[in-house]
Amino acid sequence: MYPKIGIRPVIDGRQFGVREDLEQQTVNMANAAKDLIESNLCYPDGTKVKCIISPTTIGGGAEAYECETFFQTQNVCATLSVTPCWCYGSETMDLNPLTIKAVWGFNGTERPGAVYLAACMAAHAQRGLPAFSIYGHDVQDKDDTSVPADIQEKILRFAKCAIAVGVMRNKAYVGLGGVSMGIAGSYCNSDFFQKYLGIRAEWVDLTEILRRIHLEIYDHDEYKRALDWVKKNCPEGYDVNTEIPVDKEIDPFGIKTPHTPAKKEEEWEFIVKFTLIVQDIFFGNSKLLEMGWKEESRGRNAILGGFQGQRMWTDWLPNGDFTEAILNSSFDWNGKKEPTILATENDGLNGTGMLFGKLLTGTATIFADVRTYWSPEAVERVTGVKPTGKAAKGFIHLINSGAAALDGTGASTDENGNGVMKPWWDVTEKDINAMLKATDWEPANLGYFCGGGFSSHFRTRAEMPVTMIRLNILNGTQPFLQIAEGYTIDLPDEIHKPLDVRTDKTWPTTWFVPNLTGEGAFADVYQVMANWGENHGCLAYGHIGADLITLASMLRIPVSMHNVPKEKIYRPHTWSAFGTDDLEAADYRACEKYGPIYQ
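Described below are features of the structure shown in this document. One numbering rule holds for all chains: residues counted from 1, following each sequence as written. Since the coordinates come from a predicted model, pLDDT governs what is reported: local features require at least 70, and pairs of side-chain atoms require 80 or more to be given and counted, while whole-chain, interface and lining totals use all residues. Side-chain calculation: all heavy atoms of the structure are included, whereas hydrogens and water are not.

### Remarks on the overall build of the chain
Alright, step 1. Only DSSP runs of H or I covering at least 4 residues are called helices, and only runs of E covering at least 2 are called strands; the numbering of each starts at the N terminus. A count of helices and strands for the chain gives 19 helices and 22 strands.
Alright, step 2. We compute the radius of gyration from the C-alpha atoms alone; for a globule the expected value is 2.2 Å times N to the 0.38, where N is the number of residues. For 599 residues, the compact-globule estimate of 2.2 N^0.38 gives 25 Å, and the chain sits close to it at 26 Å.
Alright, step 3. The principal-axis extents of the C-alpha atoms in the chain amount to approximately 95 × 65 × 50 Å.
Alright, step 4. Only protein chains enter the accessibility calculation, which uses a 1.4 Å probe; a residue whose area is less than 20% of its type maximum is buried, one above 50% is exposed, and one in between is partly exposed. The buried share of the chain, reckoned over its 599 residues, is 59%.

### So, the pattern of salt bridges
Alright, step 1. Within this document, salt bridges are pairs made up of a side-chain nitrogen of Lys or Arg and a carboxyl oxygen of Asp or Glu, the two lying within 4 Å of each other. In this structure the tally under the stated criterion is 28 salt bridges.
Alright, step 2. Within the structure, one salt-bridge network assembled from shared partners comprises Glu153, Arg157, Lys160 and Asp547.

### Looking at the sheet that holds strand β2 (residues 51-53)
Alright, step 1. Only strands that DSSP links by at least two bridges are regarded as paired with each other. Spatially, five strands are ordered β2-β1-β3-β4-β5 in an open sheet, and the strand pairing comes out parallel. Edge strands, defined here as strands with exactly one partner in the open sheet, are β2 and β5 (131-135). If you compare each strand with its neighbour and ignore which way they point, the axes differ by 20° on average.
Alright, step 2. Across six bridges, the pairing between strand β3 (residues 76-83) and strand β4 (residues 100-105) is parallel. In the sheet register, threonine 79 faces β4, and the bridge partner there is lysine 101. Here an axis means a line fitted to C-alpha atoms, over the contact stretch when the element is a helix, while the angle between two N-to-C directions is reported on a 0 to 180 degree scale.

### Here's the deal with the packing of aromatic side chains
Alright, step 1. When the centres of two rings from Phe, Tyr and Trp lie within 6.5 Å, Trp using its six-membered ring, the rings pair. Their planes under 30 degrees apart give stacked, over 60 give edge-to-face, and anything left gives tilted. Per the counting criterion, the structure on display carries 27 aromatic pairs.
Alright, step 2. Judged by centre distance (6.1 Å) and plane angle (45°), the ring pair of phenylalanine 70 and phenylalanine 71 falls under tilted.
Alright, step 3. With relative accessibility at 29%, the residue phenylalanine 70 sits in the partly exposed group.
Alright, step 4. Plain terms: the ring middles of tyrosine 218 and tyrosine 223 are 5.7 Å apart, the flat faces sit at 65° to each other, and that makes the pair edge-to-face.
Alright, step 5. By relative accessible area, which is 3% here, tyrosine 218 ends up buried.
Alright, step 6. In our convention, an over-ring charge means Lys NZ or Arg CZ found within 6 Å of a ring centre and within 35 degrees of that ring's normal. Stacked on the ring of tyrosine 223, the Lys or Arg lysine 273 has its end atom at 5.3 Å from the ring centre.
Alright, step 7. Taking the ring centre of tyrosine 487 as reference, the NZ or CZ of lysine 390 above it sits at 4.6 Å.

### Description of unusual backbone geometry
Alright, step 1. The omega torsion of the bond from glutamine 310 to arginine 311 falls at 0°, within 30 degrees of zero and hence cis.
Alright, step 2. As for its placement among the helices and strands, arginine 311 is situated in the loop between β8 (302-307) and α12 (321-328).
Alright, step 3. For glutamate 345, which is not a glycine, the phi torsion comes out positive at approximately 55°.
Alright, step 4. Relative to the assigned elements, glutamate 345 resides in the loop between β11 (342-344) and α13 (348-361).

### Description of a negative patch on the surface
Alright, step 1. A surface patch of like charges, here negative, comprises Glu110, Asp141, Asp143 and Asp144.
Alright, step 2. Counting through the fold element by element, glutamate 110 comes out in the loop between β4 and α4 (113-127).
Alright, step 3. In this structure glutamate 110 comes out as partly exposed when scored by relative accessible area, which is 42%. Residues enter a patch when their relative accessible area is above 30% and they make no salt bridge; the linking distance is 9 Å between like charges and 5 Å between nonpolar side chains (Val, Leu, Ile, Met, Phe, Trp, Tyr). Reported accessibility uses the Shrake-Rupley method at a 1.4 Å probe radius. Residues are deemed covered only where the shown protein chains occlude them. Lys and Arg are tallied as positive, Asp and Glu as negative. Neither His nor the chain termini are counted. To locate a charge, take atom NZ for lysine, CZ for arginine, CG for aspartate or CD for glutamate.

### Quick word on the environment of aspartate 582
Alright, step 1. Secondary-structure assignment places aspartate 582 in the loop between β22 (559-561) and α19 (583-594).
Alright, step 2. Here the alpha-carbon distance between aspartate 582 and tryptophan 293, two residues 289 residues apart in the chain, equals 57 Å.
Alright, step 3. Polar contact is defined as a pair of N or O atoms within 3.5 Å, subject to the rule that within protein one atom must be able to donate a hydrogen and the other to accept it, and that residues adjacent in sequence are counted only when both atoms are side-chain atoms. A distance of 3.3 Å separates a polar atom in the side chain of aspartate 582 from the backbone nitrogen of alanine 585.

### Details of the sheet that holds strand β7 (residues 200-204)
Alright, step 1. An order of β7-β6-β8-β11 is seen for the four strands of this open sheet, with the pairing classed as parallel. The strands lining the two open edges of the sheet, one partner per strand, are β7 and β11. Adjacent strand axes in the sheet meet at a mean angle of 20° when their direction is disregarded.
Alright, step 2. Bridge count for β8 against β11 is three bridges, and the pairing is parallel. Bridging across to β11, glycine 306 finds its partner in alanine 343.
Alright, step 3. Across the face of the sheet, α12 comes into contact with β8 and β11 while running at roughly 140° to β11. In this description, contact between two residues means that some pair of their heavy atoms is separated by no more than 4.5 Å.

### What to know about the side chain of arginine 556
Alright, step 1. Turning to its location among the elements, arginine 556 is positioned in the loop between α18 (545-555) and β22.
Alright, step 2. It is aspartate 587 that comes nearest to the buried, bridge-free arginine 556 among opposite-charge side chains, at 9.1 Å.
Alright, step 3. Among the polar contacts made by the side chain of arginine 556, one reaches the main-chain carbonyl oxygen of glycine 595 at a distance of 3.0 Å.
Alright, step 4. When sequence neighbours within four positions are dropped, the list of residues in contact with arginine 556 reads Pro130, Tyr196, Trp575, Cys591, Tyr594, Gly595, Pro596 and Ile597.

### Topic: the side chain of glutamate 442
Alright, step 1. By the element assignment, glutamate 442 lies in strand β16 (residues 440-443).
Alright, step 2. Here glutamate 442 occupies a buried position and makes no salt bridge, while the nearest side chain of opposite charge, lysine 505, is found at 8.5 Å.

### Looking at the environment of tyrosine 238
Alright, step 1. Inspection of the secondary structure puts tyrosine 238 in the loop between α8 (220-233) and α9 (261-283).
Alright, step 2. C-alpha separation for the pair tyrosine 238 and glutamate 442, spaced 204 residues apart in sequence, amounts to 5.5 Å.
Alright, step 3. Sequence-distant contacts of tyrosine 238, that is, excluding residues within four places in its chain, are made with Glu243, Glu442, Pro443 and Lys505.
Alright, step 4. A distance of 2.6 Å separates the side chain of tyrosine 238 from the side chain of glutamate 243, its partner in a polar contact.

### Here's the deal with α12
Alright, step 1. Most of α12 sits out of view: eight of its eight residues are buried.
Alright, step 2. Listed in full, the buried residues belonging to α12 are Asp321, Phe322, Thr323, Glu324, Ala325, Ile326, Leu327 and Asn328.

### Structural notes on the packing of α8 against α9
Alright, step 1. The interhelical angle for the contact between α8 and α9, taken along N-to-C directions, is 130°, at an axis separation of 10 Å. The angle between α8 and α9 places the two elements in the oblique class. Once α8 is placed against α9, the crossing between them reads as right-handed. In this structure, α8 contributes Glu222, Tyr223, Ala226, Leu227, Val230 and Lys231 to the contact, and α9 contributes Glu265, Trp268, Glu269, Val272, Lys273 and Leu276.
Alright, step 2. Polar here means any residue outside two lists: the nonpolar Ala, Val, Leu, Ile, Met, Phe, Trp, Tyr, Cys and Pro, and the charged Asp, Glu, Lys and Arg; Gly therefore counts as polar. For the contact of α8 with α9, the class distribution of residues is seven nonpolar, no polar and five charged. Geometric relationships in this document are graded by angle, where less than 35 degrees denotes roughly parallel, more than 145 denotes roughly antiparallel, 65 to 115 denotes roughly perpendicular, and other angles denote oblique. Crossing chirality is assigned from the near helix's rotation relative to the far helix, an anticlockwise turn below a right angle marking it left-handed and a clockwise turn marking it right-handed.

### Structural notes on the state of the cysteines
Alright, step 1. Cysteine sulfur atoms are paired as a disulfide whenever they fall within 2.5 Å. Enumeration over the complete set of coordinates arrives at zero disulfides.
Alright, step 2. The thiol of cysteine 42 is unpaired, and the distance to the nearest cysteine sulfur, on cysteine 51, comes to 12 Å.
Alright, step 3. What makes cysteine 42 partly exposed here is its relative accessible area of 22%.
Alright, step 4. In this model cysteine 87 remains outside any disulfide bridge; the closest cysteine sulfur is found in cysteine 85, 3.8 Å from its own.
Alright, step 5. The exposure class of cysteine 87 is buried, given its relative accessible area of 0%.

### A few points about the environment of lysine 142
Alright, step 1. Note on placement: lysine 142 falls in the loop between β5 and α5 (149-168).
Alright, step 2. Here lysine 142 falls in the partly exposed class, since its relative accessible area comes to 42%.
Alright, step 3. Distance from lysine 142 to threonine 580, taken between C-alpha atoms, is 32 Å for residues 438 residues apart in sequence.
Alright, step 4. Excluding anything up to four places from it in sequence, lysine 142 contacts Asp21, Gln25, Phe106 and Glu110.

Next comes the structure, spelled out in structure tokens:
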């Protein structure tokens with residue numbers, strides 16, 4: 001059952017003229033909010049978000065109970081209380097500790113909706129139940145059923161983020177393997193997932209994948225279809241291993257010897273099976289039940305996961321770059337599909353940032369190393385060319401071992417021909433073909449991946465608005481979020497080529513420029529790089545920092561750095577009780593006071 005937004009029409013309970021006079025206006029507000037949300041927002045699978053309205057207007061505690069009893073049968077994850085008038089705050093408020101709450105008080109002069117809103121916010125504060133306050137900037141007439149733009153923005157931001165909270169609840173993080181190369185985000189913190197996101201942590205040993213390959217526990221018809229598609233659409237690129245001279249003293253076992261065509265064909269077969277099996281572990285597969293594998297057919301109820309890869313697997317077997325890239329993308333051999341979040345090197349914290357981005361946008365997200373800051377001086381020294389335009393003050397090289405979603409090519413286009421990343425349900429066959437054409441699959445650098453495999457190789461060839469995201473954990477228990485809105489840039493070849501090959505020729509590259517504020521962590525591009533909390537980050541399409549801040553406040557995760565304009569920040573009303581000047585410090589204090597929502 002989809003998580004829903006429950007709309008609570010709250011009313012002055014006094015009969016004999018007062019309540020009766022307000023019924024229609026109150027119901028109109030509820031219907032307007034429902035129509036607004038359902039016509040603008042989608043679940044991750046592309047289905048329109050669903051709202052339900054209380055079976056009765058709520059004038060007191062008995063009707064509040066009737067509403068709550070109904071909502072508990074409907075998987076309501078958040079409530080929006082609406083009213084045009086004075087009501088009895090503590091008698092009509094939502095007391096369920098697990099629902100995300102907002103209250104819209106109509107800005108009109110006939111009835112004191114603003115007075116109720118203030119009283120209700122005070123009641124929520126006293127009861128320790130944070131709620132979002134929604135109040136229009138301009139006074140409306142009581143018969144005005146329109147929803148002003150500023151109200152629409154707040155309702156939609158609240159609903160979008162609350163649905164994300166509801167979608168995550170009771171799902172699972174599935175970690176394939178263990179910790180990768182000591183990466184901090186690769187240590188699966190089950191307490192974080194459970195207490196802050198409502199997500200179960202699951203661990204799957206990598207021998208399970210080998211068992212399923214050995215026993216052929218996968219859909220054989222889909223395997224053939226997927227392999228045929230790969231052969232037609234995933235051309236092999238340049239083999240960097242041909243550049244490595246033979247040196248038996250350094251490499252007595254010939255590990256770095258380029259693989260033969262026959263060996264590479266075997267690797268593709270293995271990789272395609274591996275990809276199908278990862279999907280089955282995550283989500284289950286009814287085909288496996290038909291084959292007699294009942295337990296395997298159920299899957300693990302995943303909403304995201306990660307693959308350890310390096311080094312124990314990739315020192316021996318093909319890497320997971322194809323699997324990660326194609327699952328994270330908005331299409332595969334079956335056409336367009338919802339991206340599956342699969343974090344490289346089992347970095348579940350970066351996977352969580354990717355999940356946030358996908359839930360808020362419906363688009364694929366790009367996993368990458370936050371690899372290098374290039375100052376304009378260093379660029380000119382190395383290339384002889386001074387960067388201009390958005391690159392003039394420097395940029396960050398985002399690059400990783402071929403695991404980035406192919407949507408990161410920027411090859412999809414809008415109606416004006418601009419390179420974009422789209423909600424997966426809007427991706428067209430033309431977009432898919434363009435993304436495939438912009439990508440080749442280069443044999444893995446055997447110095448990194450002794451077991452071979454193939455890395456997706458592309459260059460982001462579009463200037464797109466994006467938001468870089470990173471979730472970290474402080475002192476073992478305290479999560480915090482980092483946000484940097486900015487743009488991908490397409491550097492001229494005379495700059496791109498000499499800089500790109502300094503890292504690895506086989507990996508996908510995205511050049512990123514954050515929006516600068518001239519202050520703090522966003523004083524310049526170097527400070528963004530210097531303050532980033534991990535070696536990994538991800539890119540979500542669009543400038544979604546304001547949505548991320550709202551979502552983080554719902555989850556009680558403080559935001560340590562961001563470049564979102566102050567006027568766009570929208571958190572629960574009680575956050576102002578913790579300070580109104582230094583909002584980052586107030587956010588930390590509020591999150592610490594309330595604690596995780598599933599504690």
